[in-house]
Amino acid sequence: MNQGHIKPAEVVNLNTLKREMDRDATYALVKTSDMEVIRMVMPAGKEIAEHSVEGEMSVQCMKGHVLFSVDGKTQELIEGDWLYLNRDQSHSLSALRNSILLVTILFTGE
């Protein structure tokens, strides 16, 4: 099962993407039964309300500046920053500048 825009073993530059992909859009790059990888674009001012995900998750800020709130604590993520969340851990985020995040969600394990 490979749903998404990237094929196994295909090389893609996360900044420029592929010719047919809009660099200013969010894409599920890969989605399998075990994981999902999303290149998330957040324009300045965009907010994502508190929610949780049914898997362990990592978030890498590739570009921009976002506020990421977890368990009542708000942290800044800037280019190069990375964080990890437990499964079902509630979080919210808000983009202070145009931002690109690489989100990886693992659905395996208990």
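Worth saying up front: this structure is predicted, and the values here are computed from it rather than measured.

Caption draft 1: Inspection of the sheet that holds strand S7 (residues 82–85) at higher detail. With antiparallel pairing, five strands are arranged side by side in an open sheet as S1-S2-S9-S4-S7. Of all strands in the sheet, those bounded by a partner on one side alone are strand S1 (27–31) and S7. Shown here is a sheet whose adjacent strand axes are inclined to one another by a mean of 15 degrees, direction ignored.

Caption draft 2: Structural view of the nonpolar core. Counting 18 residues, the largest nonpolar core has Met57, Val59, Phe68, Leu77, Leu101 and Val103 as the members making the most contacts within it. At the level of elements, strand S2 (35–42), strand S4 (56–63), strand S5 (65–70), S7, strand S8 (91–95) and strand S9 (99–106) are the ones that each hand at least two residues to this core. Not counting residues up to four positions away in its chain, the partners in contact with Leu77 are Val59, Cys61, Gly64, His65, Val66, Phe68 and Leu83. Of all hydrophobic cores here, the second largest spans 12 residues; its members include Met21, Ala25, Leu29 and Val37.

Caption draft 3: Layout of the environment of Gln60. Relative to the assigned elements, Gln60 resides in strand S4. Look at Gln60 and you get partly exposed, because its relative accessible area is 31%. Counting along the chain gives 34 residues from Gln60 to Ser94, while the straight-line C-alpha distance between them is 14 Å. Apart from the residues within four sequence positions on either side, Gln60 is in contact with Asp81, Trp82, Ile100, Leu101 and Leu102.

Analysis parameters
- Residues numbered from 1 in each chain as written.
- Predicted model: local features only at pLDDT ≥ 70, side-chain atom pairs only at ≥ 80, totals over all residues.
- Heavy atoms only, no water.
- Pairing = 2+ DSSP bridges.
- Helix = DSSP H or I, 4+ residues; strand = E, 2+ residues; numbered from the N terminus.
- Axes fitted to C-alpha atoms, helices over the stretch in contact; angles between N-to-C directions.
- Core = buried A, V, L, I, M, F, W, Y, C linked by side-chain atoms within 4.5 Å.
- Buried < 20%, exposed > 50% of the residue type's maximum accessible area, 1.4 Å probe, protein only.
- Contact = heavy atoms within 4.5 Å.

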